[in-house]
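What the coordinates show
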Amino acid sequence: MKRIVILGGGFGGLYTALELEKTLARERDIEITFVNRENFFLFTPMLHEVAASDLDLAHIVNPFRKMLKRVNFFQGDVQHIDLPGKNVAVTHGTEHHPHTLEYDYLVIGLGSITNFFNLAGLEQRALTMKSLGDAIYLRNRMIANLEEADFECFLDQRESLLTYVVAGGGFAGVETIASMNDFLRKAIGFYPHLKENQLRIVLVHPGKVILPELGEKLGSYAQKKLQERKIEVRVNSRIKGVTSQGVELTDGTMIPSDTLVWTAGTSPNPLLMKLPCEKEKGKIQTNSYMEVPGFPGVYALGDCALVPDPQGKPYPPTAQHALRQGKVLARNLAVEIRGGQKKPFVFSTIGQLASIGRRTGVANILGFNFSGFIAWWMWRTIYLSKLPSFEKKVRVALDWTLDLLFNKDLVQFLTLRSRTLSNSEAELSQTSEVA
Ligand SMILES: Cc1cc2nc3c(=O)[nH]c(=O)nc-3n(C[C@H](O)[C@H](O)[C@H](O)COP(=O)(O)OP(=O)(O)OC[C@H]3O[C@@H](n4cnc5c(N)ncnc54)[C@H](O)[C@@H]3O)c2cc1C
């Protein structure tokens, strides 16, 4: 029996598992175990739509058990990877009890985490935008702040409740702030003591133009559109820290705000730090076959790896690269076990798109620039086609259609248990029943 263990259920890990499901997983002498912290795959390009109440939270996630029939899924937290010993320590269950998974072949696709660069107060106070929980948390925060501000008697408190700062003018930051802006400006109409002009929504970006990956022309277009929609775009600006008073910029400006969303930095998964393989900036250096040199049978891909292109430069950390790497990696793994010729990973970026709210977008596809409604329509069409499973595609398309007809939902997703009686209250209640 040959054992394959895949770590991480993001774009890289999932597409490796899906490809293996069609090939090696059918064979009796192969056992494949796929480990992820959550029991679902998150489609990150649509995450901002959940935060802004455009999409139902369950519609951008897919449970692995519905997608994989032959590959074994293990919901757990990877604690340690022992490359020389060929095993992985994982914990799972409510009590986090430990398991050891031995392997002959290992695929590492553990992605990245948010990096706060040790800025004061960020780890404690800033919100992030990486997981489904983050999107739900942000949505809840916006609704809670509107509810509180509607009855808030202290003026300065109201100001900080209604001021939102997003740090980072890359794809995640721009899409997030555009969606938040649309949501807040529509939602505020339901709060009789509040007015739209009390909202202040600020994007802080360290560069000259936002969305630098799309070039200056599209970046400037996006910037102009956001400003027309009353978003304050502060370019050449950096966050110094965040306190209970608000968000402080390096030029000394203090923005009184209760909410900072940090999308301005990532770093590789900290689990990789202790791995005895070659790394650069914390990422695993692989060869073009995605093999980890010095450790036969070990592969790495996606945001946690540096996979070189034919010129030797690393591929960028995007979903379109990670999912294609997964397919090639799975085929190389099959070749390693069954024989044949491995193929290097070679791919040219097709394009990049961003949705910037109110049915507008910006896109660069095969070197051509698009903006406005057409780019937004392309964003929706392309990402809908990429969303795994027909069921979820239909659900998202229905959500988008219903969004044209109805106002945005303002329900807070609270996870509080229903109240039960304490011992003393229970005694009292029995006495009153007897009486
Ligand atoms: C808000 C947002 C929007 C984005 N939009 C786009 C876009 O429009 N287009 C695009 O191309 N890219 C986009 N990206 C980037 C894209 O999501 C990543 O490049 C891609 O997800 C990388 O895939 P991956 O498999 O390497 O890592 P990930 O998708 O991050 O997956 C890593 C997986 O490993 C799991 N994991 C991590 N640590 C452990 C552990 N210790 N134990 C168990 N499991 C663990 C995580 O739970 C996760 O499921 C976006 C990213 C974000 C955050």
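Above this text is the structure in question.
Residues numbered from 1 in each chain as written. Predicted model: local features only at pLDDT ≥ 70, side-chain atom pairs only at ≥ 80, totals over all residues. Heavy atoms only, no water.

1. A closer look at unusual backbone geometry
You will see that N236, though not glycine, has its phi angle at about 50 degrees, which is positive. Positionally, N236 belongs in the loop between β13 (231-234) and β14 (239-243). Positive phi, normally seen in glycine, also occurs at R358, with a value near 40 degrees. Relative to the assigned elements, R358 resides in the loop between β23 (351-355) and β24 (361-365). Of the residues examined, R358 reaches a relative accessible area of 45% and is grouped as partly exposed. (Helix = DSSP H or I, 4+ residues; strand = E, 2+ residues; numbered from the N terminus. Buried < 20%, exposed > 50% of the residue type's maximum accessible area, 1.4 Å probe, protein only.)

2. Here's the deal with the state of the cysteines
This structure, assessed with the given rule, holds 0 disulfides. Looking at the unpaired C304, the closest cysteine sulfur is the one in C277, lying at 9.6 Å. (Disulfide = S-S within 2.5 Å.)

3. Here we look at the sheet that holds β24
What the 3 strands build is an open sheet, ordered β23-β24-β25; its pairing is antiparallel. Single-partner strands in this sheet number two, and they are β23 and β25 (368-372). Neighbouring strand axes in the sheet, compared pairwise and without regard to direction, differ in orientation by 10 degrees on average. The pairing of β24 with β25 spans 5 bridges and is antiparallel. For I365, the partnering residue across the bridge sits in β25 and is F368. The strands touched by helix α10 (residues 373-386) within the sheet are β23, β24 and β25, with β25 carrying the most contacts at an inclination of about 105 degrees. (Pairing = 2+ DSSP bridges. Axes fitted to C-alpha atoms, helices over the stretch in contact; angles between N-to-C directions. Contact = heavy atoms within 4.5 Å.)

In short, geometric facts, not functional conclusions.
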